[in-house]
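The lines below spell out each chain.
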Amino acid sequence: MLRIALMVLLPILTPTILYFLWFSHARRKAIAAGTPEAAPALGDAPWIYLAAFGVGFMVLVLGASALFFQDSGHPGDVYTPPKLIDGQVAPGHNDPAPPSR
């Protein structure tokens with residue numbers, strides 16, 4: 001679940017979170033300057049751009065994780081699933097492919 005949050009949800013939501021941080025800062029700044037009519041309105045948010053940047057960032061993160069964090073074996077390798085040995089969980093691993101005849 002944490003992996004899904006870090007690789008999918010966080011990249012999608014990051015542009016929107018940054019926009020809301022800028023929005024609150026700009027609004028407070030305009031009100032403090034005495035010009036509340038110049039404060040940005042929430043309805044003026046560029047939702048299409050925020051969504052496009054979020055999806056693009058998510059694709060970038062997923063692509064980078066596929067390239068740099070690839071821990072899988074090679075084609076033909078045999079996967080040994082995790083198992084319980086003496087009360088300890090032995091992690092799953094890939095064994096080299098048996099030699100072909």
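This text goes with the structure placed above it.
Cut-off values and rules
- Residues numbered from 1 in each chain as written.
- Predicted model: local features only at pLDDT ≥ 70, side-chain atom pairs only at ≥ 80, totals over all residues.
- Heavy atoms only, no water.
- Helix = DSSP H or I, 4+ residues; strand = E, 2+ residues; numbered from the N terminus.
- Rg over C-alpha atoms; globule rule 2.2 N^0.38 Å.
- Contact = heavy atoms within 4.5 Å.
- Areas by Shrake-Rupley, 256 points an atom, 1.4 Å probe, with all protein chains shown as cover.
- Buried < 20%, exposed > 50% of the residue type's maximum accessible area, 1.4 Å probe, protein only.
- Polar contact = N/O pair within 3.5 Å; in protein donor to acceptor, adjacent residues only side chain to side chain.
- Phe/Tyr/Trp six-rings, centres within 6.5 Å; stacked < 30°, edge-to-face > 60°.
- Expected span 1.5 Å × (residues − 1).
- Arc of directions from axis to C-beta.

K.L.:
How should the overall build of the protein chain be read in this particular structure?
P.N.:
Tallying secondary structure elements over the protein chain gives 2 helices and 4 strands in all. Scanning the protein chain from its N terminus toward the C terminus, one meets helices and strands in the order α-α-β-β-β-β. Expected size for 101 residues packed as a compact globule is a radius of gyration near 13 Å; at 24 Å, the protein chain overshoots this value by more than 25%. Seen through its C-alpha atoms, the protein chain measures out along the principal axes to roughly 80 × 35 × 20 Å. Across the protein chain, the fraction of contacts at a sequence separation of at least 24, relative to all contacts at a separation of at least 6, is 38%. Split by element, the accessible area of the protein chain, about 8200 Å² in all, is 70% carbon and sulfur.

K.L.:
Quick question: what am I supposed to make of the side chain of threonine 80 here?
P.N.:
Looking at the secondary structure, you find threonine 80 in strand β1 (residues 78-80). Judged by relative accessible area, which is 16%, threonine 80 ranks as buried. A distance of 2.8 Å separates a polar atom in the side chain of threonine 80 from a polar atom in the side chain of aspartate 95.

K.L.:
What exactly am I supposed to notice about the packing of aromatic side chains here?
P.N.:
Each aromatic ring pair is characterised by the separation of its centres together with the angle its planes make. According to the stated counting rule, one finds 4 aromatic pairs in the structure shown. Judged by centre distance (5.7 Å) and plane angle (40°), the rings of tyrosine 19 and tryptophan 22 are tilted. Placement of the pair is tyrosine 19 and tryptophan 22 together in helix α1 (residues 2-32), with a separation of 3 residues, close to one helical turn. Note on tyrosine 19: relative accessible area 11%, which makes it buried. Residue tryptophan 22 is classed as partly exposed on the basis of its relative accessible area of 46%. Grouped by ring-pair contacts, the aromatic residues Tyr19, Phe20, Trp22, Phe23 and Trp47 constitute a single cluster.

K.L.:
Whenever I open this one, the side chain of threonine 16 confuses me. Can you help?
P.N.:
Counting through the fold element by element, threonine 16 comes out in helix α1. Apart from the residues lying within four places of it in its own chain, the contact partners of threonine 16 are Trp47 and Leu50.

K.L.:
How do you make sense of helix α2 (residues 47-68) when you look at a structure like this?
P.N.:
Think of an α-helix as turning once every 3.6 residues; residues three or four places apart then point the same way. Over its 22 residues, α2 extends 31 Å from the first C-alpha to the last, a length consistent with the 32 Å expected when each residue adds 1.5 Å. Among all positions of α2, only Leu50, Gly54, Met58 and Ser65 are buried. Looking down the long axis of α2, one finds its buried residues gathered within 70° of arc, a one-sided arrangement. Exposed residues on α2 whose side chains face more than 90 degrees from its buried face are Ile48, Tyr49, Phe53, Val59, Leu60 and Leu67. Buried residues along α2 sit against α1.

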